[in-house]
Amino acid sequence: MLRPVAFMSPLLLATPAMAQDWIVDHDASSVGFRTEAFGGSVEGGFSEWQAQITLDPDNLDRARISATVETASGDTGNGEINRSMLSTSGLAPETHAEARFVSEDIRVTQDGYAAHGTLTIKDTARDAVLPFTLDIAEGRAVADASLEIARTDFGVGRSNWGDTAARVTIMIHIEADAAAQ
């Protein structure tokens, strides 16, 4: 007589491991930026964004990150800087309402992880590597990431902007709960 466990073992081995989806806690998370403008440091953030994350550190082959930022929600707390940032030569939210990052290639690094993907701003797509740390405890994940970009690589800014905001550091803090499987 065949034992049911012996019969099922090959089927269990052939079943792909389930990937873990995460439900982002928007209130505990943030998408921000830092740059230099007018001789000083400028920080701001985006209030309207969303992220879909599938990530299991033990099964990175099925990992995926997809994030969208509503460009019009950018705010530095300074009206003059906001007007430049959200102008036609800036992020141009009237014609480019969203910026996106998509990655299906997440790798372990010495310091944590790196999401290799595509960053799209003003319909200009560039390869990007987003390094991040990740701590998971009791079904809650906390990730922190930062990525420095050159604004001109994405067609942001006019020539009269000079060195103003030439380099922008995107800062991301995500807290999420494991979705039920």
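Residues numbered from 1 in each chain as written. Predicted model: local features only at pLDDT ≥ 70, side-chain atom pairs only at ≥ 80, totals over all residues. Heavy atoms only, no water.

Tallying secondary structure elements over the chain gives two helices and 11 strands in all. Each helix and strand of the chain, placed in order from N terminus to C terminus, yields the pattern α-β-β-β-β-β-β-α-β-β-β-β-β. Its C-alpha atoms put the chain at 80 × 35 × 30 Å along the principal axes. The 181 residues of the chain split such that 41% are buried. Looking at the chain alone, contacts between residues at least 24 apart form 57% of all its contacts between residues at least 6 apart. A total of about 10,800 Å² of accessible surface is found on the chain, and carbon and sulfur atoms cover 53% of it. (Helix = DSSP H or I, 4+ residues; strand = E, 2+ residues; numbered from the N terminus. Buried < 20%, exposed > 50% of the residue type's maximum accessible area, 1.4 Å probe, protein only. Contact = heavy atoms within 4.5 Å. Areas by Shrake-Rupley, 256 points an atom, 1.4 Å probe, with all protein chains shown as cover.)

A separate point is the side chain of K122. Checked against the element boundaries, K122 lands in the loop between strand 8 (113-121) and strand 9 (124-137). E94 provides the closest opposite charge to the buried, unpaired K122, separated from it by 8.6 Å. Of the polar contacts made by the side chain of K122, one reaches the backbone oxygen of T88; its length is 3.3 Å. Ignoring any residue separated from it by four or fewer positions in sequence, one finds K122 in contact with T88, S89, G90, L91, A92, H96, F154, G155 and V156. (Lys, Arg positive; Asp, Glu negative; His and termini not counted. Salt bridge = Lys/Arg side-chain N within 4 Å of Asp/Glu carboxyl O. Polar contact = N/O pair within 3.5 Å; in protein donor to acceptor, adjacent residues only side chain to side chain.)

This next bit is on the packing of aromatic side chains. Under the definition given, this model contains two aromatic pairs. Measuring from centroid to centroid gives 5.5 Å for Y113 and F132, while their planes differ by 20 degrees, and the two rings are stacked. With Y113 in strand 8 and F132 in strand 9, the pair connects residues that are 19 residues apart, well separated along the chain. (Phe/Tyr/Trp six-rings, centres within 6.5 Å; stacked < 30°, edge-to-face > 60°.)

So, about unusual backbone geometry. The backbone of F38 sits at a positive phi, close to 55 degrees, despite the residue not being glycine. Note that F38 resides in the loop between strand 2 (30-37) and strand 3 (40-46). Backbone geometry places D123, a non-glycine residue, at a positive phi of 60 degrees. Looking at where D123 falls in the secondary structure, it is placed in the loop between strand 8 and strand 9.

Looking at chain direction, strand 9 and strand 10 (residues 140-150) are connected through six bridges and run antiparallel. Note on strand 10: the bridge partner recorded for T133 is D144. Two elements, strand 10 and strand 11 (residues 167-178), share 11 bridges in a ladder whose sense is antiparallel. What sits directly across from A143, in strand 11, is I174. (Pairing = 2+ DSSP bridges.)

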